[in-house]
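Chains, contacts and geometry: an overview
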Amino acid sequence: MGRRVWAKIDLNALKQNYRVAKVAASGAQIMIMLKSNAYGHGTVVVASALKDADAFGIHCIHEAIKLRRIMPEKRIVLLSGVLDATELALAVKYHLELVVHRQGQLDLLKRLSKASPLRLWIKINTGMNRLGFPYGDAESLYQQVATLPCCHGPIHWMTHFAWASNVASTETSRQIHRFHEALIGLPGERSLANSAGILAWPKSHGDWVRPGLMVYGASPLDHRCAKECGLRPVMSLYSRIVTIISVKKGQRIGYSLSWQCYRDAIIGIASIGYGDGYPRHAVSGTPVMVNGKRCPLVGRVSMDLIHIDLTDCKGAKVGDSVLLWGANLPIEEIARSASTVAYELMCQVSERVPRQMVYNESEEVIYDTAT
Ligand SMILES: *Cc1c(COP(=O)(O)O)cnc(C)c1O
């Protein structure tokens with residue numbers, strides 16, 4: 001019967017989405033976001049497929065060091081910088097570039113000599129109120145950073161958008177304006193745009209763009225689907241039907257007996273659950289695809305199993321594969337059914353789910369994390 005659950009990763013789709021970002025922000029350099037295991041797709045595989053990118057952005061220093069081992073030359077940016085002197089020593093050792101967003105990090109950097117050169121990204125808070133120095137401080141920051149003995153190469157200035165997915169909000173324009181105003185006359189490279197910035201806010205392109213979600217093939221915009229953005233889903237999550245049962249009208253299904261059959265029903269049990277990262281909050285009616293046909297999830301999602309109403313899916317049998325999201329079943333739609341976002345669904349696909357790398361959704365597997 002084969003695998004219980006697996007995720008296909010379409011490397012051609014990944015490369016095509018990368019080109020969409022490159023064309024949309026032509027002229028800017030590209031930092032691909034690889035944080036959180038490349039949004040659940042696998043850091044090493046994604047980095048290898050997109051090795052033309054100008055830099056990679058990653059959050060966790062241990063993920064960054066792992067990446068450094070296979071990419072000795074590539075620029076790797078640590079998105080929250082370092083926590084303490086121990087992490088700073090590792091960053092120097094592994095030639096990581098650092099985001100600097102608070103004074104304590106500057107104070108640590110002051111202790112380094114010219115013998116520990118580091119490329120620095122100064123993060124400015126323009127409205128998101130998460131990481132970053134107040135935008136009014138840019139001038140004095142410049143004086144501090146430019147005189148650091150360890151500061152190597154041009155200073156990079158960055159900021160992050162709070163709500164760029166919403167093209168009706170005026171806040172993104174305001175953030176762009178604050179950033180550019182604050183930096184007038186100061187040397188250095190500029191970076192503002194996430195995926196939504198790249199596709200919807202051309203004034204945010206600057207010298208560097210930082211795409212994440214769009215590269216993985218989900219839409220970063222509230223008002224446009226992935227297809228309309230020219231993006232193709234990279235991940236397709238699959239499971240299999242492990243048994244099929246008949247349930248009489250009026251009977252109830254699963255934990256808390258939350259679903260009642262409104263007719264005599266044929267129910268398929270598929271071997272995937274929240275232990276694999278399928279969202280427990282997916283409501284009854286969330287679509288899954290069996291033999292190319294949409295069928296509704298019914299009842300509560302269990303740790304390893306889900307119920308699917310197969311009454312209208314004639315011919316489904318034990319062993320058939322079930323698509324949970326991917327090509328022809330947009331992850332954004334599943335995210336809405338589970339009151340979350342595509343980002344979270346991608347990241348939560350758990351480690352026990354093997355990733356199979358393919359080109360163009362083909363059956364031929366190039367690489368499999370389980371073998
Ligand atoms: C995650 C992240 C991005 C990418 O955001 P997407 O919406 O996935 O494109 C860009 N910049 C920073 C600082 C981030 O943390």
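Residues numbered from 1 in each chain as written. Predicted model: local features only at pLDDT ≥ 70, side-chain atom pairs only at ≥ 80, totals over all residues. Heavy atoms only, no water.

Moving on, we come to the pattern of salt bridges. Following the criterion strictly, the structure yields 14 salt bridges and no others. In this structure, Lys 110 and Asp 107 form a salt bridge, with 3.6 Å as the shortest nitrogen-oxygen distance. Of this pair, Lys 110 and Asp 107 both sit in helix 6 (residues 103–110), three residues apart, which is roughly one turn of the helix. Salt bridges linked by common partners bring Arg 4, Asp 276, Asp 304 and Arg 352 together as one network. (Salt bridge = Lys/Arg side-chain N within 4 Å of Asp/Glu carboxyl O. Helix = DSSP H or I, 4+ residues; strand = E, 2+ residues; numbered from the N terminus.)

This paragraph deals with the site of the ligand. For the ligand, the set of nearby residues contains 13 residues, the closest of which are Lys 35, Tyr 39, Ser 195, Leu 213 and Tyr 343. With respect to the ligand, the side chain of Lys 35 contributes an N or O atom lying 2.6 Å from an oxygen atom. Within the complex, 94% of the 380 Å² of free accessible area of the ligand lies under protein. Split by residue class, the shell around the ligand holds six nonpolar, four polar and three charged. (Near = heavy atom within 4 Å. Polar contact = N/O pair within 3.5 Å; in protein donor to acceptor, adjacent residues only side chain to side chain. Areas by Shrake-Rupley, 256 points an atom, 1.4 Å probe, with all protein chains shown as cover. Nonpolar A, V, L, I, M, F, W, Y, C, P; charged D, E, K, R; others polar.)

Time to look at the nonpolar core. If you look at the biggest cluster of nonpolar residues, it comprises 122 residues, and the most contacted ones within it are Trp 157 and Tyr 278. Here this core takes five residues from helix 1 (residues 11–24), the largest share from any one element. Looking at which domains feed residues into this core, each of domain 1 (26–210) and domain 2 (235–368) gives three or more. By size, the runner-up hydrophobic cluster in this structure holds seven residues, among which are Ile 253, Cys 261, Ala 265 and Ile 267. (Core = buried A, V, L, I, M, F, W, Y, C linked by side-chain atoms within 4.5 Å. Buried < 20%, exposed > 50% of the residue type's maximum accessible area, 1.4 Å probe, protein only. Domains from an automatic or database assignment.)

Taken as a whole and judged by the stated rule, the model has zero disulfides. Cysteine Cys 150 remains unbridged, with the sulfur of Cys 151 as its closest cysteine sulfur at 6.6 Å. What makes Cys 150 buried here is its relative accessible area of 1%. (Disulfide = S-S within 2.5 Å.)

In this section: the domain arrangement of the chain. Here the chain is partitioned into domain 1 (26–210) and domain 2 (235–368). Centre-to-centre separation of domain 1 and domain 2, based on C-alpha positions: 38 Å. Every contact between the two is made by six residues of domain 1 and, on the other side, seven residues of domain 2. Interface area, domain 1 with domain 2, both sides summed: about 620 Å², of which 68% is carbon and sulfur. (Contact = heavy atoms within 4.5 Å. Buried area = accessible area lost by both parts, 1.4 Å probe.)

We now examine helix 4 (residues 61–70). Those residues of helix 4 that sit buried are Ile 61, Glu 63, Ala 64, Ile 65, Leu 67 and Arg 68. Taken together, the buried residues of helix 4 touch helix 2 (35–39), helix 3 (43–49), strand 3 (55–58), strand 4 (75–78) and helix 5 (85–93).

Attention now moves to the environment of Ala 47. For Ala 47, the location among the structural elements is in helix 3. Ala 47 sits 15 residues away from Ile 32 along the chain, and the two C-alpha atoms are 8.5 Å apart.

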